[in-house]
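A closer look at the structure
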Amino acid sequence: QVQLVESGGGLVQPGGSLRLSCAASGSIFSINAMGWYRQAPGKQRELVATITSGSTTNYADSVKGRFTISRDNAKNTMYLQMNSLKPEDTAVYYCYAELKSTWYRTTSDGYWGQGIQVTVSS
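A brief report on the enclosed structure follows.

If you tally the helices and strands in the protein chain, you get zero helices and eleven strands. Along the chain direction, N to C, the helices and strands of the protein chain fall in the order β-β-β-β-β-β-β-β-β-β-β. Here the C-alpha radius of gyration of the protein chain, 14 Å, is about what a compact globule of 122 residues would show, namely 14 Å. In the protein chain, buried positions account for 37% of the 122 residues. A separation threshold of at least 6 residues defines the contact pool for the protein chain, and within that pool the share at least 24 residues apart is 56%. Taking the 11 positively charged and 8 negatively charged side chains of the protein chain as two groups, their mean positions are separated by 3 Å.

Glancing now at unusual backbone geometry. Even without a glycine there, the phi angle at Ser55 is positive, about 70°. With respect to the helices and strands, Ser55 occurs in the loop between strand 5 (46–51) and strand 6 (57–59). Overall, Ser55 belongs to the partly exposed group, its relative accessible area being 44%. In this structure, Ser84 is a non-glycine residue whose phi angle is positive, near 50°. Ser84 sits in the partly exposed class, given a relative accessible area of 41%.

So, on to the pairing of strand 11 (residues 116–120). Burial of strand 11 is one-sided: the residues Ile116, Val118 and Val120 facing one way are buried, the residues Gln117 and Thr119 facing the other way are not. Across three bridges, the pairing between strand 2 (residues 10–12) and strand 11 is parallel. Across the sheet, the residue bridging to Gly10 is Val118, located in strand 11. Here strand 9 (residues 91–100) pairs with strand 11 via three bridges, running antiparallel. Paired with Ala91 across the two strands is Val118, which belongs to strand 11.

Any pair of aromatic rings gets described here by the distance separating the centres and the angle formed by the planes. Taken as a whole, this structure holds five aromatic pairs when the rule is applied. With centroids separated by 6.1 Å and ring planes inclined at 80°, the aromatic side chains of Tyr37 and Tyr96 adopt a geometry described as edge-to-face. On the criterion of sequence distance, the pair formed by Tyr37 in strand 4 (residues 30–39) and Tyr96 in strand 9 is long-range, its members being 59 residues apart. With a relative accessible area of 21%, Tyr37 lands in the partly exposed category. Overall, Tyr96 belongs to the buried group, its relative accessible area being 17%. Where Tyr94 meets Trp112, the ring centres are 6.5 Å apart and the plane angle is 85°; that geometry is what we call edge-to-face.

Calculation rules
Residues numbered from 1 in each chain as written. Predicted model: local features only at pLDDT ≥ 70, side-chain atom pairs only at ≥ 80, totals over all residues. Heavy atoms only, no water. Helix = DSSP H or I, 4+ residues; strand = E, 2+ residues; numbered from the N terminus. Rg over C-alpha atoms; globule rule 2.2 N^0.38 Å. Buried < 20%, exposed > 50% of the residue type's maximum accessible area, 1.4 Å probe, protein only. Contact = heavy atoms within 4.5 Å. Lys, Arg positive; Asp, Glu negative; His and termini not counted. Charge placed at Lys NZ, Arg CZ, Asp CG, Glu CD. Pairing = 2+ DSSP bridges. Phe/Tyr/Trp six-rings, centres within 6.5 Å; stacked < 30°, edge-to-face > 60°.

The following block contains the structure:
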């Protein structure tokens, strides 16, 4: 079974930094696209950043210039470096991955992590 586990969250003051990690484990043949989403209380889940297997990245306008997404394909791990954090960044952050669990599958399946809390407050 495939599992995505987020780590690196916590409490940070405005202007501070955090680095989130998402480690994929289990039956994995290949991972194509990965991304970070977040959901604040009372709000819909929104896209934060995505990265393809070729390391093409895209960011939400609200985080562009402050957040950096990256991945280590050899480790099946994705990262989100968050700098200049603002209170409005407070949310549960979710890791998402599209991957093939076996070599013979012709399509990819989507998987979600359990989410990790990021709180930006004084």
